[in-house]
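Summary of structural features
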Amino acid sequence: QVQLVESGGGLVQAGGSLTLSCAASGRTFSNYAMGWFRQAPGKEREFVAGIRWSGGRTYHGDSVKGRFTISRDNAKNTVFLQMNSLKPEDTAVYYCAFQLTPNYYSAYDAADYDYWGQGTQVTVSS
């Protein structure tokens, strides 16, 4: 079992920045990846970013490329999402997710992730 705890959400004006954090605890695995998804009211859950823990390869959704950056701290089993140039359409609940990757990493599909955090609200005012 893996527990994920997100932090860092809040209210920010358009053009501002926020950094989300997600700390993983519980069982240890050698092959896994972590990602961020978001879900706005009335919309489907959307892939935001993902990172392979081994090697650190990153993936970013088209709507956030150039503005958001995912990174990790290996020693703390923590993944970060640096969000810059925020827009009102970035308003959503942001979820951290964990995927076991014994063979390959399926970054973009929420159904392929094994564990989820409780979510943190990000609100961008215009």
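Treat the numbers as computed from the prediction; the structure is a model and nothing was measured.

**Considerations on the state of the cysteines**
- What the rule picks out here adds up to one disulfide.
- What pairs with Cys22 in a disulfide is Cys96, and their sulfur atoms sit 2.0 Å apart. Taking the torsion about the sulfur-sulfur bond, which here is approximately -80°, the covalent link between Cys22 and Cys96 counts as left-handed. Of this pair, Cys22 sits in strand β3 (residues 18-26) while Cys96 sits in strand β9 (residues 92-100), placing them 74 residues apart in sequence.

**Points about the pairing of strand β1 (residues 2-7)**
- By the alternation rule, side chains of β1 split into Val2, Leu4 and Glu6, which are all buried, and Gln3, Val5 and Ser7, of which none is buried.
- Bridge count between β1 and β3: six bridges; the pairing is antiparallel. Bridge pairing in β3 places Val5 opposite Ala23.

**Describing the sheet that holds strand β7 (residues 68-73)**
- Pairing in this open sheet of four strands is antiparallel, and the strands run β1-β3-β8-β7 from one edge to the other. The sheet is open, and its two edges are formed by β1 and β7, each paired on a single side. Neighbour-to-neighbour, the strand axes of this sheet turn through a mean angle of 20°, independent of strand direction.

**Looking at the nonpolar core**
- Judged by nonpolar contacts, the single largest core of 29 residues is most densely connected at Leu4, Met34, Trp36, Val79, Leu81, Met83 and Tyr94.
- Elements supplying a minimum of two residues to this core: β1, β3, β4 (32-39), β5 (46-52), β7, β8 (78-83), β9 and β11 (120-125).
- Those residues in contact with Met83 that sit more than four places away from it in its chain are Gly16, Ser17, Leu18, Leu20, Arg67, Phe68, Tyr94 and Val122.
- Residues Phe37, Phe47, Ala97 and Tyr105 belong to the second largest nonpolar core, which totals eight residues.

**Here's the deal with the side chain of Arg38**
- Inspection of the secondary structure puts Arg38 in strand β4.
- We classify Arg38 as buried; its relative accessible area is 6%.
- At a separation of 3.3 Å, a polar atom in the side chain of Arg38 contacts the side chain of Ser63.
- One polar contact links Arg38 to Tyr94, side chain to side chain, over a distance of 2.9 Å.
- Those residues in contact with Arg38 that lie beyond four places of it in its chain are Glu44, Arg45, Glu46, Val48, Ser63, Val64, Phe68, Glu89, Asp90, Ala92, Val93 and Tyr94.

The rules behind each value
Residues numbered from 1 in each chain as written. Predicted model: local features only at pLDDT ≥ 70, side-chain atom pairs only at ≥ 80, totals over all residues. Heavy atoms only, no water. Disulfide = S-S within 2.5 Å. Helix = DSSP H or I, 4+ residues; strand = E, 2+ residues; numbered from the N terminus. Buried < 20%, exposed > 50% of the residue type's maximum accessible area, 1.4 Å probe, protein only. Pairing = 2+ DSSP bridges. Axes fitted to C-alpha atoms, helices over the stretch in contact; angles between N-to-C directions. Core = buried A, V, L, I, M, F, W, Y, C linked by side-chain atoms within 4.5 Å. Contact = heavy atoms within 4.5 Å. Polar contact = N/O pair within 3.5 Å; in protein donor to acceptor, adjacent residues only side chain to side chain.

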